[in-house]
Amino acid sequence: MAHFLGKLRSLLSLIVSLSLFFFFALPFASPVASLSTVSITETANRTLVCALIKTPGQKVFLNCTSFPAGIQIPANIDASFTGIVGGDRFLCGLRGSYFSTPSALVCWRYSANGTEYSYRRIYRGPPVTELDSGDAHVCGLANGTSRLKCWQWRRFNRTPAPRNWSSVAVGGDYACGLMGTGKVACVGENDLIMNDTPNGNFTAVAAGSGHACAISVDNKLECWGAAGNDRPEGVFVSVALGENRSCALKDNGSVVCWGQGNFSLPEYLGDTSFVAIEAKRRVFCGVLTSNYSLCCWGNEHFESRPGSMVFDNVLPGPCRRSQCPCLLPGSGNLCGQGYAVCRPCINPAPAKHLPPPGPAPAPAPTTAPPPAPPPAPTTAPPTAPPTVQPEGLHGKLVVFLVVGCVGSASLLSVFGFLLFRYCQGRVCRVHDSGRLEETPHPDQTTNPPPQPGPLEKRLSHLVSMDSHLEEFPLQVLARVTNGFAEEFKIGTGSFGSVYHATLDDGREVAIKRAESTAVSSPHLGGGGPSVRRQNEDKDRAFLNELESLSRLNHKNLVKLSGFCEDGDELILVYEYVHNGTLHDHLHKFPDSPLNSWVARLRVALDAARAIEYLHVYAIPPVIHRDIKSSNILLDKSWTAKVSDFGLSLMGPEDDESHLSLHAAGTFGYVDPEYYRLQILTSKSDVYSFGVVLLELLSGYRAIQNNENGVPRNVVDFVIPYILQDEIHRILDRKVLPPNPIEIEAVRYVGYLAADCVSLEGKDRPTITEIVYSLERALATCLARPKLSRSSTESSTA
């Protein structure tokens, strides 16, 4: 208890210090809002620059242009936007005025060459007040709170993060921001950024692909991460970071640039004054102080343009109807209706505030802008914020009352928390099941992780959690299959044989029976040299499939009816799917209803929708690990259903996370990156599905002998023809040649399959993008819309 009281005394001292800091330091920390009116999108060595343009009629609209030409300009950009962001092959716009309800965040996602895009609204709700993007992710402050929310970064939203954010800066794989105290906090997966976050109080923070910078309360620049301490000296008000290069805006409007390859501001812009700057990877753009024109620099496309001018009349910042520490002179007239553009402050700076929301005051005359803040000394800038001197008894009382209230509230909160932890440590025990991993290898004898409980306990838990599961008596299943006779056998799954039977109530079912003496199967992860290892694999596959299908429900997934566990017998019972496997229709049956391109595209779309449900909508997500044509079944109406979850795993949360484990799957379908690196993501299923698409198009097996009897992979054989635009040479001869309308869709799916089997997972589309592409391809066959043969790869995978 004495130790506890000692810690309490230390915390009391800390509370007093923090209270004093809040009232004496914070008035001089004026964070710059992170909401941009300029965005930069890069794709296929082209750059799409967009900006919010202010018209003489006080209308703000979004304008975009491509350098060089080739990126398709979005058609639906005529709505009113309050902020825009861009990144690697995506552009997002925020709709809704500041402090209005609701806000909407919409995004355009581009294909690899930029000639196609998909449009999607990713957020609608309470106002988004801050917004920024990195190469792939978008983050902001939403719901009227100071808690960080990210889109296109699902795993992040499940990771604890500080709650009192006041601004947001998003980098390649991390996000930084200012806390309410002026401190910088960073979250993500970049160790250099996490480990080197600076101490002190700051007014602005910016993030690049691999480094970050912040501006201190005395307007000095501090950088960390990949850039280290490589930074210029001077008095700065904002900074923009790209990929191994940076630019910063000085208090006099000049810009200084530095970085890899002696990067610097072009000479013809050396005397130019800017009011705002923006960056993404190689490209930097700035809004001119003189006329609010936008000019860009950083690559050959802009260097060859006289003056690098892109747009005129660019809004120099978001129009806000909130209290700003410092205002952009004349922006009240620019924004109108009581709104203005905030600008960074030079310390010290008297506070200038916009009026609170209400009736709009009359605009100030342009000839009499608000007085500028007094200039800070350039020879000896202050190193610490000055203290506040309250005037008279009233000022002293206010300070003492506020400090006393905050201190008392903080003391009670901390005391309650410590008391709870003190008692909890002696009374409570918290169980943490830890991270999901594969069963350890038998030779891992040093500090082995906890083993799963007995099979019976896990089954009991499953039954108690999911009452719809039916437990079948072994005698019943043996009777309806005549003792599991050979004539009832219809196939083999990942851990045993499958039988067709009719139950006493008339239900037709497929019965999958594990076989403890089964030899090693074609699965990379199945089987072993000993019966003990075989039985462990059998138990694990049985539980994987039972746990997965007992909680999943989708029309394109095979439905689990129940199970049987009796001694060594492990049996799963499914709905019976009448028309067999896709593998048989492609490779065994000479004649099939699937011998048309429309039918094959429907099957592909059904299977893709099933995988999308597993990756996106299941909680937690499921990675199948054994997508192949023999695990895609066809029911009476020729609807495709994905089956066989014996190798499936729960997680990871998104493509940025992974599970490290031994590769599993079927030869010919296994993701080579997963097999080589032993790192599993949802993109491994995408690769396997790409192989299935190639089977549907070509009619070749995943592994098939060539004319010399040498096995070859369908990927190695078919993809070169697709990329040479000669897909007609490898199309399945059992299907009539596609007509002029169908060939467009078939080529489109060919390029989609090529994207799916890219060697690196990051270059593959997400399953949601695959579903969208297959929907378009099928619609082309049925309704004749215009399609491009471009790659379907997207930036937000």
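Bear in mind that the values here come from a model prediction, so they are computed numbers and not experimental data.

## Considerations on the overall build of the protein
Next up, step 1: Across its full length, the protein holds 15 helices and 39 strands.
Next up, step 2: A separation threshold of at least 6 residues defines the contact pool for the protein, and within that pool the share at least 24 residues apart is 57%.
Next up, step 3: Accessible area for the protein stands at about 36600 Å²; split by element, carbon and sulfur atoms hold 55% of it.

## Considerations on the pairing of strand 31 (residues 569–575)
Next up, step 1: Counting buried residues in strand 31 gives 6 out of 7 residues, a clear majority hidden from the surface.
Next up, step 2: One ladder, built from 5 bridges, connects strand 29 (residues 508–514) with strand 31; its direction is antiparallel. Its bridge partner being in strand 31, Ala510 is matched across the sheet by Tyr574.
Next up, step 3: Judged from the 6 bridges that link them, strand 30 (residues 560–566) and strand 31 form a sheet pairing that is antiparallel. Across the sheet, residue Asp566 finds its bridge partner in strand 31, namely Glu569.
Next up, step 4: Linking two consecutive strands that pair antiparallel, namely strand 30 and strand 31, is a turn of 2 residues; a positive phi of about 65° is found at Gly567 within it.

## Focus on empty space enclosed by the protein
Next up, step 1: Here the structure, examined in full by the defined rule, presents 8 cavities of 30 Å³ or more.
Next up, step 2: Taken as a whole, the largest cavity spans an internal volume of roughly 70 Å³.
Next up, step 3: Lining the largest cavity are 14 residues; nearest its centre among them are Arg625, Ala664, Val670, Ser684 and Ser688.
Next up, step 4: In terms of residue count, the dominant contributor to the lining of the largest cavity is helix 12 (residues 682–698) (3 residues).
Next up, step 5: A breakdown of the residues in the lining of the largest cavity according to their chemical character gives 6 nonpolar, 4 polar and 4 charged.

## Observations concerning the sheet that holds strand 2 (residues 46–54)
Backbone-to-backbone hydrogen bonds pair the strands of a sheet. The strands run either parallel or antiparallel.
Next up, step 1: Spatial strand order, 1-2-3: 3 strands in an open sheet with antiparallel pairing. Looking at the sheet topology across the chains shown, the edges are occupied by strand 1 (38–43) and strand 3 (60–67). Looking at each pair of strands side by side, their axes are set apart by 20° on average, direction ignored.
Next up, step 2: Direction of pairing for strand 1 relative to strand 2: antiparallel, over a ladder of 6 bridges. Paired with Ile40 across the strands is Val49, a residue of strand 2.

## A short note on the sheet that holds strand 19 (residues 255–259)
Next up, step 1: Read from one edge to the other, the open sheet built from 3 strands follows the order 17-18-19, with strand pairing classed as antiparallel. Sheet topology places strand 17 (236–241) and strand 19 at the edges, where each strand pairs with a single neighbour. Neighbour to neighbour, the strand axes of the sheet diverge by 20° on average, direction disregarded.
Next up, step 2: Note that strand 17 and strand 18 (residues 245–250) share 5 bridges and pair antiparallel. Note that in strand 18 the partner of Leu241 across the bridge is Ser246.

## So, the packing of helix 12 against helix 13 (residues 714–723)
Next up, step 1: Here helix 12 crosses helix 13 at 70°, and the two axes come no closer than 10 Å. Classified by the angle between their axes, helix 12 and helix 13 sit roughly perpendicular to one another. For the crossing formed where helix 12 meets helix 13, the hand is left-handed. Seen from helix 12, the contacting residues are Tyr687, Val691, Leu694 and Ser698; seen from helix 13, they are Val714, Val715, Val718, Ile719 and Ile722.
Next up, step 2: For the contact of helix 12 with helix 13, the residue count by class is 8 nonpolar, 1 polar and no charged.

## Overview of the pattern of salt bridges
Next up, step 1: All chains considered together, the criterion is met by 21 salt bridges.
Next up, step 2: The residue Glu470 makes a salt bridge to Arg507 at a minimum N-O spacing of 3.3 Å. Taken together, the residues Glu470 in strand 26 (residues 470–471) and Arg507 in the loop between strand 28 (496–502) and strand 29 connect sequence positions 37 residues apart.
Next up, step 3: The class for Glu470 is partly exposed, based on a relative accessible area of 32%.
Next up, step 4: Each member of the salt-bridge network shares a partner with another, and the members are Asp88, Arg89, Asp135 and Arg281.

Conventions and cut-offs
Residues numbered from 1 in each chain as written. Predicted model: local features only at pLDDT ≥ 70, side-chain atom pairs only at ≥ 80, totals over all residues. Heavy atoms only, no water. Helix = DSSP H or I, 4+ residues; strand = E, 2+ residues; numbered from the N terminus. Contact = heavy atoms within 4.5 Å. Areas by Shrake-Rupley, 256 points an atom, 1.4 Å probe, with all protein chains shown as cover. Buried < 20%, exposed > 50% of the residue type's maximum accessible area, 1.4 Å probe, protein only. Pairing = 2+ DSSP bridges. 1 Å grid on protein atoms, 1.4 Å probe; cavity = no way out; pocket = protein on both sides within 12 Å on 5 of 7 lines; lining within 4 Å. Points joined across faces, edges and corners; volume = space filled by probe spheres on them. Nonpolar A, V, L, I, M, F, W, Y, C, P; charged D, E, K, R; others polar. Axes fitted to C-alpha atoms, helices over the stretch in contact; angles between N-to-C directions. Parallel < 35°, antiparallel > 145°, perpendicular 65-115°, else oblique. Left-handed = near helix turned anticlockwise from the far one by under 90°. Salt bridge = Lys/Arg side-chain N within 4 Å of Asp/Glu carboxyl O.

Coordinates in, geometry out; function isn't part of it.
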